[in-house]
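# Residue-level structural notes
Below, each chain spelled out in residue letters.
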Amino acid sequence: VQLQASGGGLAQAGGSLRLSCAASGTISSIYAMGWYRRPPGEQRELVAVVATGEPTTYGDSVKGRFTVHRDVANNMVYLDMNSLKPEDTAVYYCNLKRGSASFFQNHWGPGTLVTVSS
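Bear in mind that the values here come from a model prediction, so they are computed numbers and not experimental data.

## Let's talk about unusual backbone geometry
The phi angle at serine 29 is positive, at roughly 55°, despite the residue not being glycine. In this fold, serine 29 is placed in the loop between strand S3 (17–24) and strand S4 (30–38). Even without glycine at this site, serine 83 takes up a positive phi of about 50°. Looking at the element boundaries, serine 83 is found in the loop between strand S8 (76–81) and strand S9 (90–99).

The structure is reproduced here in structure tokens:
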């Protein structure tokens, strides 16, 4: 499985960005797709995940500002980021989970940098 993200870059506080991620390769049994991020000097954290048959999960810090969309037919996932804050600055990683809720394997994209200036 290969994951390729695009759309990162520089934005001003209060602005918007859209991240896109395309999955390719041998793809089967996709349970979920979504996004995580690693702020500078911190650990990777959940941004948003769309799992088959389950409610979408958002990290507390992005609820109400970010929206994740999953295109099942085309194996893509998008992240619409609005009302950006400087603390949203991070490397954003596309994530794909193969398997099921009880057992899955994570696949990660290389990461795309989002920088939000104040």
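Moving on from the coordinates now.
## Some thoughts on the environment of glutamate 42
By secondary structure assignment, the location of glutamate 42 is in the loop between S4 and strand S5 (45–51). Glutamate 42 sits in the partly exposed class, given a relative accessible area of 48%. Considered as a pair, glutamate 42 and alanine 73 are 31 residues apart in the sequence and their alpha carbons are 34 Å apart.

## Structural notes on the packing of aromatic side chains
As enumerated under the stated definition, the model contains two aromatic pairs in all. Consider the rings of tyrosine 36 and tryptophan 108, whose centres lie 5.1 Å apart with planes at 75°: the pair is edge-to-face. Of the two residues, tyrosine 36 sits in strand S4 while tryptophan 108 sits in strand S10 (residues 104–108), which places them 72 residues apart along the sequence. What makes tryptophan 108 partly exposed here is its relative accessible area of 32%. Directly above the ring of tyrosine 93 sits arginine 44, whose terminal nitrogen or CZ lies 5.3 Å from the centroid. One residue, arginine 44, lies across the ring of tryptophan 108, its end atom 3.7 Å from the ring centre.

## Describing the pairing of S9
A regular strand places its side chains so that they alternate between the two faces of the sheet. S9 sits mainly inside the fold: seven of its 10 residues count as buried. In this structure, S4 lies alongside S9, joined through eight bridges in antiparallel fashion. Its bridge partner lying in S9, methionine 33 is registered against leucine 96. In this structure, S9 lies alongside strand S11 (residues 112–117), joined through three bridges in antiparallel fashion. Directly across from valine 91, in S11, lies its bridge partner leucine 113. Across five bridges, S9 lies against S10 in antiparallel orientation. In the sheet register, leucine 96 faces S10, and the bridge partner there is histidine 107. Adjacent in sequence and paired antiparallel, S9 and S10 are bridged by four residues.

Rules used in this analysis
Residues numbered from 1 in each chain as written. Predicted model: local features only at pLDDT ≥ 70, side-chain atom pairs only at ≥ 80, totals over all residues. Heavy atoms only, no water. Helix = DSSP H or I, 4+ residues; strand = E, 2+ residues; numbered from the N terminus. Buried < 20%, exposed > 50% of the residue type's maximum accessible area, 1.4 Å probe, protein only. Phe/Tyr/Trp six-rings, centres within 6.5 Å; stacked < 30°, edge-to-face > 60°. Lys NZ or Arg CZ within 6 Å of the ring centre and 35° of its normal. Pairing = 2+ DSSP bridges.

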